Amino acid sequence: MIRNLRLFIGKRYNAFTWLLYEYKLLINHLGSSDREKTKEKIKANLIIESHVIEKGLSFRDVKVGFRENKIIDLLDTLNNYFLRFSDRDFCTYILIPIKKYIDFNLKKGHKNSEIIEKFEKLTSVIKPDFSMEEGGVISTTRKEIHEKALIDFEGFVNLRFSIRDFSDEPVNFDLIRQAIKIAMKTPSACNRQPWRVHLIKSKEHIINILDYQTGARQFKQQIGCVILVTSTYNSFFGGEFHQPYVNGGLYAMTLIYALHSMGFGTIPLNMGFPYKKLKRLSEFAEVSEDEVPILLIGIGNIPDQLNVAYSSRFNFQEITKEY
Ligand SMILES: Cc1cc2nc3c(=O)[nH]c(=O)nc-3n(C[C@H](O)[C@H](O)[C@H](O)COP(=O)(O)O)c2cc1C
């Protein structure tokens, strides 16, 4: 009877503290009216707006002169952002789709002088390097996509295991950085890329964070480095309160596959902890207040011979409903 009562109260108390923790995060970092509040929020808003241009230019039938008023607003917001933060690379990233938009409209014989004037004024101040990266819209073919896409993905996926036995060979950090870069191609809502990566390389720090996480107790000494993937609330607005987890989870999975493609062994490690424990995370990594932990990934080289847990999967038909 007392045990049941304790369970009854304990469950509710835990849920309450967890909700309170999330409530504070949402209040501080998710407000839809806070678009001008912080650098991250302004960036998220600018990315959303520029992404609408990229999208608009990729449809089969592109409407000439679409969203002109919004693009004027976007140029004004970008101007204010540059005045505040002098962030040339980010502004270039936003200016590229606008440049493509202007080129597209001019080609179609449509000229919006206000947009062109604001764009030229801004580029004369920012001096963007337009050769830096492709953006806006590009043309490709089914053939080009299939050449790289039609790989033995099933074989690739089926031979990724959670590795719990690593070799002594040190990890090559340049390859790890390459994997982090590849995983940046993960899709995200309006291309907001809310994930953050904490690469932990020193043995002492690796052991500390693994001791904190506890899921790799038996093989923690063999792990070559760990990556903590987090995701930020500041990239989202209003009802998007689960989006940090969705987008961060997608990034973490791509990163695991990128590492797998480079021959590394990986072990995903759970970061679903109670609030009190999560608060201690900043002891192990410089995690900002709005970052939520998504996954810890232990990484190392695979020994010549090893055992892996064969975790069989349910029948896909059991989890699939067709309509
Ligand atoms: C979010 C998440 C948390 C996990 N946490 C741990 C952990 O703490 N310790 C561990 O040994 N394995 C952990 N794993 C690995 C799972 O046990 C493993 O992915 C699952 O059994 C499927 O096996 P496979 O990865 O070899 O296909 C975790 C996996 C995920 C996706």
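Just so it is clear, the model here is predicted, and its values are computed rather than measured. (Residues numbered from 1 in each chain as written. Predicted model: local features only at pLDDT ≥ 70, side-chain atom pairs only at ≥ 80, totals over all residues. Heavy atoms only, no water.)

### Brief notes about the environment of Lys43
Here is step 1: On the secondary structure map, Lys43 appears in helix H2 (residues 39-58).
Here is step 2: Contacts of Lys43, omitting those with residues within four sequence positions, involve Tyr81, Asp87 and Phe90. (Helix = DSSP H or I, 4+ residues; strand = E, 2+ residues; numbered from the N terminus. Contact = heavy atoms within 4.5 Å.)

### A word on the state of the cysteines
Here is step 1: A complete count under the given rule lists zero disulfides for this structure.
Here is step 2: Between Cys91, a free cysteine, and Cys190, which holds the nearest cysteine sulfur, the sulfur-to-sulfur gap is 19 Å. (Disulfide = S-S within 2.5 Å.)

### Focus on the packing of aromatic side chains
Here is step 1: One pass over the full model with this rule turns up 14 aromatic pairs.
Here is step 2: Ring centres of Phe153 and Tyr257 lie 5.9 Å apart, and the angle between their planes is 70°; this geometry places the pair in the edge-to-face category. With Phe153 in helix H7 (residues 153-158) and Tyr257 in helix H10 (residues 243-261), this residue pair connects regions lying 104 residues apart in the sequence.
Here is step 3: Relative to Phe284, the ring of Tyr212 has its centre 4.6 Å away and its plane inclined at 40°; by these criteria the two rings are tilted. Of the two residues, Tyr212 is situated in helix H9 (residues 203-213) and Phe284 in the loop between helix H11 (275-278) and strand E4 (291-301); the sequence distance between them amounts to 72 residues.
Here is step 4: With relative accessibility at 16%, the residue Phe284 sits in the buried group.
Here is step 5: Ring-pair connections join several aromatic residues into one group, and the members of that group are Tyr81, Phe85, Phe90 and Tyr93.
Here is step 6: Lying over the aromatic face of Phe130, Lys99 brings its terminal NZ or CZ to 5.5 Å of the ring centre. (Phe/Tyr/Trp six-rings, centres within 6.5 Å; stacked < 30°, edge-to-face > 60°. Buried < 20%, exposed > 50% of the residue type's maximum accessible area, 1.4 Å probe, protein only. Lys NZ or Arg CZ within 6 Å of the ring centre and 35° of its normal.)

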